[in-house]
Amino acid sequence: MSDRLSHPALSAEKVTARIGAIIHGVDASADLPPDQQTYLREALARHKVLFLRDQHLDDEQHEKFSRIFGEPILHPTIAAPTGTKYTFELKSKNGRSTDSWHTDVTFVPAYPKASILRALVIPPYGGSTTWANTATAYDDLPEPLKLLADTLWAIHGNDYDTNYYKFDANKHEIAEFRAAFVSKIYETEHPVVRIHPETGEKTLILGHFVKGLAGLPTLDANKIIEIFQSYITQIENTVRWSWAPGDIAIWDNRATQHYAAADFDTHRRELRRITVKGDTPISVDGRKSRLLVGPDSGEALDH
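Below you will find a few notes about this structure.

What counts and how
- Residues numbered from 1 in each chain as written.
- Predicted model: local features only at pLDDT ≥ 70, side-chain atom pairs only at ≥ 80, totals over all residues.
- Heavy atoms only, no water.
- Helix = DSSP H or I, 4+ residues; strand = E, 2+ residues; numbered from the N terminus.
- Buried < 20%, exposed > 50% of the residue type's maximum accessible area, 1.4 Å probe, protein only.
- Polar contact = N/O pair within 3.5 Å; in protein donor to acceptor, adjacent residues only side chain to side chain.
- Contact = heavy atoms within 4.5 Å.
- Axes fitted to C-alpha atoms, helices over the stretch in contact; angles between N-to-C directions.
- Left-handed = near helix turned anticlockwise from the far one by under 90°.
- Pairing = 2+ DSSP bridges.
- Core = buried A, V, L, I, M, F, W, Y, C linked by side-chain atoms within 4.5 Å.
- Phe/Tyr/Trp six-rings, centres within 6.5 Å; stacked < 30°, edge-to-face > 60°.
- Expected span 1.5 Å × (residues − 1).
- Arc of directions from axis to C-beta.

Examining the side chain of Asp 252
Step number 1: With respect to the helices and strands, Asp 252 occurs in strand S14 (residues 248–252).
Step number 2: Of the residues examined, Asp 252 reaches a relative accessible area of 0% and is grouped as buried.
Step number 3: A polar atom in the side chain of Asp 252 sits 2.7 Å from the side chain of His 196.
Step number 4: Other than its neighbours up to four places away in sequence, Asp 252 contacts Leu 44, Ala 45, Lys 48, Lys 113 and His 196.

Next up, the structure:
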């Protein structure tokens, strides 16, 4: 990847110093030529999150555009809405959102490479999303903390404790979603530090799916995780996007965490996401992440 991205028709406007760029000149509903697709992939690797304004895609166009970044995949436990193949619906009726820091679907080994999210209905205030750069967070760690992080492995699971529904009074709907989300239980062991397969950067794999650190007592693990998370989410390491209908955000799920603020009272907030197939992380010492519990694990097969 060159030091400077250039294209005769496209341009990238940085939103912050460390993460995020608005891409100008793209019509996401069109058949983009190979050079524009390459530009978008290289821009994503560089800026970690890309924003496109005023696109207003339908479900079919969304899926087609997502294929620029990889092969669309289904969520492991949540079915796609009727009439779609790979869509994950983020539909807030009563003020709920995923208001905790996470990387998408890290409870499986080859978690998504990227997520492509489009806005349909946006509340009159609030409802923004914030992303953090986990590569620059690693770079900021003092050398002793880097050495520690390089050796640690974390257990990620989908049966986790979250405040996802703390503002939602619709308890029946909450229970139904919760039941679907944990209808299949997954646990995966990931290195806390992975090598990015495209850029070679070291990035941190943490977030709210983490249940603990391998070989460490819970109390110690929680303190260590909190230290690393503080580097990920420091303000200078983040970008916050205020949505408008028709906006698209694309993020490198191997090098980011994100957080959707639950600050829009009971207004509707509706977005749709497609994730694309990822690769299994490789640690600093060359080992791969592994599934501990799930439909493809020995434990699941034994039952």
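Focus: the packing of helix H4 (residues 143–151) against helix H6 (residues 218–232)
Step number 1: Contact geometry of H4 with H6 gives a least axis separation of 12 Å together with a crossing angle of 115°. In the packing of H4 onto H6, the handedness of the crossing is left-handed. Residue-level contacts link Leu 145, Leu 148 and Ala 149 of H4 to Ile 224, Ile 227, Phe 228 and Tyr 231 of H6.

Quick word on the pairing of strand S6 (residues 114–121)
Step number 1: A large share of S6 lies buried, amounting to six of its eight residues.
Step number 2: As judged from the seven bridges shared by S6 and strand S16 (residues 269–276), these two strands associate in the antiparallel manner. Bridged to Ser 115 within S16 is Thr 275.

Quick look at the nonpolar core
Step number 1: If you look at the biggest cluster of nonpolar residues, it comprises 22 residues, and the most contacted ones within it are Leu 40, Phe 65, Phe 69 and Ile 250.
Step number 2: Among the secondary structure elements, those contributing two or more residues to this core are strand S2 (21–24), helix H1 (34–47), strand S3 (49–52), S6 and S14.
Step number 3: Broken down by element, the residue count for this core peaks at four residues, all from H1.
Step number 4: Once you skip the residues sitting within four places of it in the chain, Phe 69 turns out to touch Leu 40, Arg 41, Leu 44, Lys 113, Ile 116, Ile 250 and Val 276.
Step number 5: Core analysis: the second largest hydrophobic core is formed by 20 residues, Leu 141, Ala 149, Ala 154 and Ile 224 among them.

Some points on the sheet that holds strand S13 (residues 238–241)
Step number 1: One open sheet holds the three strands; their spatial order is S13-S7-S15, and the pairing between them is antiparallel. Because the sheet does not close on itself, it has two edges, and the strands there are S13 and strand S15 (256–260). Between one strand axis and the next, the sheet turns through 20° on average, direction left out of account.

With respect to the packing of aromatic side chains
Step number 1: Evaluated as defined, the whole model comprises eight aromatic pairs.
Step number 2: Their ring planes at 5° and their centres at 4.1 Å tell us that Phe 51 and Trp 241 sit as a pair that is stacked. Here the residue Phe 51 occupies a position in strand S3, and Trp 241 occupies one in strand S13, the gap between them amounting to 190 residues.
Step number 3: Judged by its relative accessible area of 0%, Phe 51 falls in the buried class.
Step number 4: Here Phe 107 and Phe 209 contribute two aromatic rings whose centre-to-centre distance is 5.0 Å and whose plane-to-plane angle is 70°, an arrangement assigned as edge-to-face. Of the two residues, Phe 107 sits in the loop between strand S5 (88–92) and S6 while Phe 209 sits in the loop between strand S11 (202–204) and strand S12 (210–213), which places them 102 residues apart along the sequence. The pair formed by Phe 107 and Phe 209 is uniform in burial state, with each residue classed as buried.

So, H6
Step number 1: Given a rise of 1.5 Å per residue, 15 residues ought to cover 21 Å, and the 21 Å separating the end C-alpha atoms of H6 matches this to within 8%.
Step number 2: Taken together, the buried positions of H6 are Ala 221, Ile 224, Ile 225, Phe 228, Gln 229 and Ile 232. One side of H6 holds all its buried residues, which, seen down the axis, span an arc of 140°. Within H6, the exposed residues directed more than 90 degrees away from the buried face are Leu 219 and Glu 226.

A look at H1
Step number 1: Spanning 14 residues, H1 covers 20 Å between terminal C-alpha atoms, matching the ideal 20 Å at 1.5 Å per step.
Step number 2: Within H1, the full set of buried residues consists of Gln 36, Tyr 39, Leu 40, Ala 43, Leu 44, Ala 45 and His 47.
Step number 3: In the core, the buried residues of H1 are packed alongside strand S1 (11–14), S2, S3, helix H2 (59–66), S6 and S14.
Step number 4: Looking one or two residues beyond H1, the residue adopting positive phi is Lys 48, at roughly 75°.

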